[in-house]
Every structure is written in C-alpha cells, then in structure tokens.
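Per-entry structural report
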Amino acid sequence: MAIFQKSQQWLLTTLLLTLTACSSSPLLTKSSDLFFLHSTQVYIDMTDARRNGSVVDKGLFYPKNTYSFAYRYCATSQESATTDIAEYQQLAKRTCDANQGKLVHQSTGTWCVSNANTIEEAPIFYARISSTELWADLCLDGPFITMRVIENTDAAEDEWRASAKILGYQPYSSTRQLMSKNDSYGQLYQTPVAPLDDQTWDQESLYIYNSTGQTVCLYDQANNSPLGHTFLGTVESVDVGKVRVLVTAKMKGDIRTAPIMEKLEWHDRAYITAPAHSWFVCG
C-alpha cells in the first residue's frame, strides 16, 4: 500500500512538472511594456489628434492579420508631426533596448532583433513611422502620419519567425546587406517597402491565384505621383505565377489607407497582368 501511495505521489509530481514545463513561455512573463504594440497603443492614446486616427491596412489573411498593425492620423501642424515622429522613434529605441535588442535597418525598414548580425539573430519587432508631404489632400492642418508595427504577442517562436520573413524580415546571412541609417530620419530607417520576391507566396496570393472572378486591387506608386494609384478589377486568368485582371477603376491614393477615394479617368476595359503577390483582395 505504501509503495502504491508513493507511486501515486511520484506520478502526480511528474504530471505537475510536465504541465508547468508545457505551459511556461517567455511571452507569458514578459511585461506589457516590452511589447512595442502595447507601447504604440499607449502612445496613440496620449493626444486627441492621435486618438482621432484609425487602424488601416487591415490584413484579411495570415500572417498580416496576426502580426501586423498599421495606424494613421492627421497631425495638427507640421511642427507637431515632426515632434510626434521624433518621440515615436525614441520610443522604438527604448523598447528595443529594454528587450536587450538592437535596431537593424533593412530595405523594408527597421527591425529590432536579438543577437544582431549572428546566426542566432531573431526578430523581436518591426517599427516604422512616416508622413506624407501631400497632407493637404488628406488632412486640414498637418501631415498624415502613418505608423506600422509587426510583432509577435502570443504565437510560437518558429511560427513567428517564418511569418516575419513573409512580412519583410531578412534573416542574418554572410551575404545580407543592411542599409545605412539615414540620420535625418532618426532611429528608424525609412525606405519604400520592397516588393516580395517572386517566389514568396502567402495565403492571400494563393487565394487570388485560385479565385477567378474575385475582386482585387493593385497599388502602384509611380515616380510622378507621391500618393500613387489603386487599380481595381476582377481576376480573369492566371498563368505561371501571374494574374491577369480586368481593371475597371483607377483611384487616387492607396485604397487600404486613404480616408476618401477619388476616382480618376480610366478606360472602359483594360487589363493589367502582374505577379500574384502584387494584388490584394479588396471586395
């Protein structure tokens, strides 16, 4: 009987240890202040101007809908925009430092990483803030400020790392080329978001490639138009990774972020063929 009781006690102890080991996670013990998404949300809530903005670029597909957060608001003046951008960049630096990380500047923007420039490097979060020079088209008093955060808050690390790569993180390699920080921008490197490689597919790309008749959009920022244009149409056919779309409308700006869409003159029927990942679902 004593042996049986000891056996029960041993099994119970083992079970408890196993459950503790399985449930333990660095994310569960990590302070909310170490999450840049949390810091961003607190930052937004600090002034009326920021609170009056809106969440934009709402991803419908994984991994963007899980890890990415984008927000825009109208600054009250050019001076306040400059101050806001400087404060947000310092916030990103402080949060990265608190995570014992380092900011590295890649072609897609700035990532806070652990073990920077080693084979153990891992992404912690992505941070970006910018303003449009043509704010008069969008706001009454000051620039249109855009912030973007990419961060893992509750997923497994291997899942997060794979998703971060799809969302723009370039892992360390002996041939990786980092961008030199432009000091005029402060802590966060600002460059246009680079397009995905032709070989990169995500759920949205696959869905579009297999959904003839789906309404899709393509955003194009030509050199002569800082705001860019959105082309809207329906998928007609696909071939070797490219999607042919019957485009029926052209609009000013990015449909995912512009507060008001202004339709521009366009052809009765016109086709655009582009890689699947260039399109996104918009209807």
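Note that this is a predicted model, so its numbers are computed, not measured. (Residues numbered from 1 in each chain as written. Predicted model: local features only at pLDDT ≥ 70, side-chain atom pairs only at ≥ 80, totals over all residues. Heavy atoms only, no water.)

1. Quick word on a negative patch on the surface
Together, Asp-154, Glu-157, Asp-158 and Glu-159 give the surface a local cluster of negative charge. Examined against the element boundaries, Glu-159 turns out to sit in helix α7 (residues 157-166). (Patch = residues over 30% accessible without salt bridge, like charges linked within 9 Å, V, L, I, M, F, W, Y side chains within 5 Å. Areas by Shrake-Rupley, 256 points an atom, 1.4 Å probe, with all protein chains shown as cover. Salt bridge = Lys/Arg side-chain N within 4 Å of Asp/Glu carboxyl O. Lys, Arg positive; Asp, Glu negative; His and termini not counted. Charge placed at Lys NZ, Arg CZ, Asp CG, Glu CD. Helix = DSSP H or I, 4+ residues; strand = E, 2+ residues; numbered from the N terminus.)

2. Things to note about helix α6 (residues 78-98)
In this model α6 runs 30 Å from its N-terminal to its C-terminal C-alpha over 21 residues, within 8% of the 30 Å that 1.5 Å per residue would give. Three or more residues of α6 are buried, namely Ser-80, Ala-81, Asp-84, Ile-85, Tyr-88, Gln-89, Leu-91, Ala-92, Thr-95 and Cys-96. Looking straight down α6, one finds its buried side chains confined to an arc of 165°; they lie on one side. Summarising the geometry of α6, the exposed residues directed more than 90 degrees from the buried face are Glu-79 and Arg-94. Once α6 ends, the next one or two residues include Gln-100, with phi positive near 55°. (Expected span 1.5 Å × (residues − 1). Buried < 20%, exposed > 50% of the residue type's maximum accessible area, 1.4 Å probe, protein only. Arc of directions from axis to C-beta.)

3. What about the confidence of the model for the chain?
Here the chain shows a mean pLDDT of 80. Residues at 70 or above account for 78%. Across the chain, element-level confidence peaks in helix α3 (residues 36-44) with a mean pLDDT of 96 and bottoms out in helix α1 (residues 2-23) with 41. Confidence over residues 1-28 falls short of pLDDT 50; this stretch has six contacts with residues more than four positions distant or in other chains. For residues 192-199, every residue scores under 50 in pLDDT, and the model assigns this stretch nine contacts once sequence neighbours within four places are set aside. (pLDDT = per-residue confidence, 0-100. Contact = heavy atoms within 4.5 Å.)

4. Here we look at the packing of α3 against α6
Where α3 meets α6, the axes come as close as 10 Å, and the angle between the chain directions of the two elements is 150°. Classed by the angle they form, the pair α3 and α6 counts as roughly antiparallel. Once α3 is placed against α6, the crossing between them reads as right-handed. Between α3 and α6, the contacting residues are Phe-36, Ser-39, Thr-40 and Tyr-43 on the first element and Asp-84, Ile-85, Glu-87, Tyr-88, Leu-91, Ala-92 and Thr-95 on the second. (Axes fitted to C-alpha atoms, helices over the stretch in contact; angles between N-to-C directions. Parallel < 35°, antiparallel > 145°, perpendicular 65-115°, else oblique. Left-handed = near helix turned anticlockwise from the far one by under 90°.)

5. Side note on the packing of aromatic side chains
Under the counting rule described, the total for this entry stands at twelve aromatic pairs. When the ring of Tyr-67 is compared with that of Trp-160, the centres are 5.2 Å apart and the planes differ by 50°; the resulting orientation is tilted. Residue Tyr-67 is located in helix α5 (residues 64-67), and its partner Trp-160 is located in helix α7; the two are separated by 93 residues in the primary sequence. With relative accessibility at 4%, the residue Tyr-67 sits in the buried group. We classify Trp-160 as buried; its relative accessible area is 2%. By way of ring pairs, the aromatic residues Tyr-62, Tyr-67, Trp-111, Tyr-126, Trp-160 and Tyr-169 are connected into one cluster. Positioned above the aromatic ring of Tyr-271, the side-chain terminus of Arg-244 is 3.8 Å from the ring centre. (Phe/Tyr/Trp six-rings, centres within 6.5 Å; stacked < 30°, edge-to-face > 60°. Lys NZ or Arg CZ within 6 Å of the ring centre and 35° of its normal.)

6. Observations regarding the environment of Ile-85
As for its placement among the helices and strands, Ile-85 is situated in helix α6. A relative accessible area of 17% places Ile-85 in the buried class. Along the sequence, Ile-85 and Leu-188 sit 103 residues apart, while their C-alpha atoms lie 9.7 Å from each other. If sequence neighbours within four positions are ignored, Ile-85 has contacts with Tyr-43, Ile-129, Ser-131 and Ile-145.

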